[in-house]
Amino acid sequence: MTAVIEARPQLRIGPYAVDPPVVLAPMAGITNVAFRTLCREFGSSTAIYVCEMITARAVVERNEKTLHMMAFGPDESPRSMQLYGVDPKTLGEAVRIIVGEGWADHIDMNLGCPVRKVTRLGGGSALPYKRRLFANIVREMVAAAGEVPVTFKFRVGIDEDHHTYLDTGRIAEAEGAAAVSLHARTAAQLYSGKADWSAITRLKETVTTIPVLGNGDIFTADDALRMMAETGCDGVVVGRGCLGRPWLFAELSAALRGEPVPEGPALGRVGKILIRHAELLVEHDGHDKAMRDIRKHMAWYFMGFPVGSELRRKFATVSSLDQIRELTAQLDPAAPFPTEAATGPRGRQGSPQAKVSLPDGWLEDPEDDTVPQAADVMHSGG
């Protein structure tokens, strides 16, 4: 049974109307300009598609590789960028540079990354535990951004004994955030288990003057409808559910506008989408890097389809666009979309961590606003 969403005001992030209320989550190594372009070709041009995570320190130092990662298509609007950092001064300076150079129209802050190399330095999902430090970060970023909206994406907390999301939402709201998004898992869960959507409900009840978006376990259009109906959230953030399925944004657009949801594509159509993705990557990164990048998408595109082990192996080791075209010609174009097998969890999940890696003494004083030593080393996602 399809969930019914009660009528609610249109989602706005600062001056931008987000219609339908859908955001592509930033994913390291995934949401580059090529993948975002593909998702926008299926979805609404007025949804938000966030660039992969950018390190604030690298922006300040104008790192060449980072500047390339920050590329946007000529018709992307709003241009949405997510920053990672721990030092309020560095984050403020990065925002000033981005706004001053006109590089982005919306800035999001990563407070959800659960990986060890980030949390052990106090970044990502470890940071909100330090309430004063977090408040300083929000204040610096919002002041530096001026009219550009700044939003914050975070998790439920570090683990089941250290929930931080309600304080995080209250602080972000009080210090001028334009919206907040909650991935309804703790850092200790990584991407495993089931997201606790009831936490989104509680955050929505706590944060009342700015939009609250929900994230976690949206693999189908019906999942998005159910999340909004059950939690009252103002919009949804979609991450792993669109891996190898950029057409999910067409399904989300239809469902959230009350229109019939299109059927998933047959295998021949998937092959054409894969070629389009590869062509966009070549245009952005050059041929060799594009081929290395597209390989990780192959299993996602063919999940549940009758492709065969030998053909799958060849797709996973492609080295040229011509080879991709040759291999897709060998697919059964009429094979229907395997709804049951291809619409469940995909992408990394990992086993729950027994203990989240944190800086020494991190949990001793949540009011300590000291920036952790070496916290601003460059990271490429998480």
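Everything discussed here concerns the structure shown above.
The rules behind each value
Residues numbered from 1 in each chain as written. Predicted model: local features only at pLDDT ≥ 70, side-chain atom pairs only at ≥ 80, totals over all residues. Heavy atoms only, no water. 1 Å grid on protein atoms, 1.4 Å probe; cavity = no way out; pocket = protein on both sides within 12 Å on 5 of 7 lines; lining within 4 Å. Points joined across faces, edges and corners; volume = space filled by probe spheres on them. Helix = DSSP H or I, 4+ residues; strand = E, 2+ residues; numbered from the N terminus. Nonpolar A, V, L, I, M, F, W, Y, C, P; charged D, E, K, R; others polar. Buried < 20%, exposed > 50% of the residue type's maximum accessible area, 1.4 Å probe, protein only. Pairing = 2+ DSSP bridges. Salt bridge = Lys/Arg side-chain N within 4 Å of Asp/Glu carboxyl O. Right-handed = clockwise from strand over helix to strand, strands pointing away. Core = buried A, V, L, I, M, F, W, Y, C linked by side-chain atoms within 4.5 Å. Contact = heavy atoms within 4.5 Å.

Chemist: When you look at the layout of surface pockets in this model, what are you seeing that I'm missing?
Modeler: Remark: the empty space left among the atoms is shown by a probe the size of a water molecule rolled over them. For the largest pocket, the calculated volume is near 470 Å³. Among the secondary structure elements, those contributing two or more residues to the lining of the largest pocket are β7 (106–111), β8 (150–159), β10 (179–186) and β12 (235–238). Broken down by element, the residue count for the lining of the largest pocket peaks at 3 residues, all from β8. Residue composition of the lining of the largest pocket, by class: 16 nonpolar, 11 polar and 6 charged. In this model, the second largest pocket occupies a volume close to 320 Å³.

Chemist: How should I be thinking about the pairing of β10 in this particular structure?
Modeler: Consecutive side chains of a regular strand alternate in pointing toward one face of the sheet and then the other. The buried count for β10 comes to 8 of 8 residues, which makes it a mostly enclosed element. Strand direction decides the pairing type here: β8 and β10, joined by 6 bridges, are parallel. Residue Phe-152 lies in a different strand from β10, and its bridge partner there is Val-180.

Chemist: Explain the pattern of salt bridges here, please?
Modeler: Where charged atoms of side chains with opposite charge meet at close range, the side chains can pair. Counting across every chain of the model gives 26 salt bridges. A salt bridge links Arg-170 to Asp-167, with the shortest nitrogen-to-oxygen separation between them at 2.7 Å. Here the residue Arg-170 and the residue Asp-167 both occupy positions in helix α7 (residues 165–174), the gap between them amounting to 3 residues, near one helical turn. In this structure Asp-167 comes out as partly exposed when scored by relative accessible area, which is 27%. Here Glu-251 and Arg-245 are joined by a salt bridge, their closest N and O atoms 3.8 Å apart.

Chemist: What am I meant to see in empty space enclosed by the protein here?
Modeler: Taken as a whole and assessed by the stated rule, the structure comprises 1 cavity of 30 Å³ or more. Volume-wise, the largest cavity comes out at about 120 Å³. As for the largest cavity, its lining consists of 14 residues, of which Val-23, His-106, Asp-108, Thr-151 and Ser-181 are closest to the centre. For the lining of the largest cavity, a count of residues per class yields 9 nonpolar, 3 polar and 2 charged.

Chemist: Just to check I follow, could you spell out the pairing of strand β11 (residues 212–215) for this structure?
Modeler: Across the two faces of β11 the burial is the same, with Val-212 and Gly-214 and Leu-213 and Asn-215 all buried. In terms of strand pairing, β10 meets β11 through 4 bridges, oriented parallel. Directly across from His-183, in β11, lies its bridge partner Asn-215. Handedness of the crossover joining β10 and β11 through helix α8 (residues 197–206): right-handed. Two elements, β11 and β12, share 3 bridges in a ladder whose sense is parallel. Note on β12: the bridge partner recorded for Leu-213 is Gly-235.

Chemist: Just checking my understanding: could you explain the nonpolar core for this structure?
Modeler: With 85 residues, the main nonpolar core has Leu-83, Met-141 and Phe-152 as its most contacted residues. Per-element accounting of this core gives the leading share, 8 residues, to helix α6 (residues 131–145). If we ignore the near neighbours within four places in the chain, the residues touching Leu-83 are Met-53, Ile-54, Val-59, Leu-91, Ala-94, Val-95, Ile-98, Ile-107, Asp-108, Met-109, Asn-110 and Met-141. Counting residues in each nonpolar core, the second largest holds 29 residues, with Ala-278, Met-291, Phe-302 and Phe-305 among its members.

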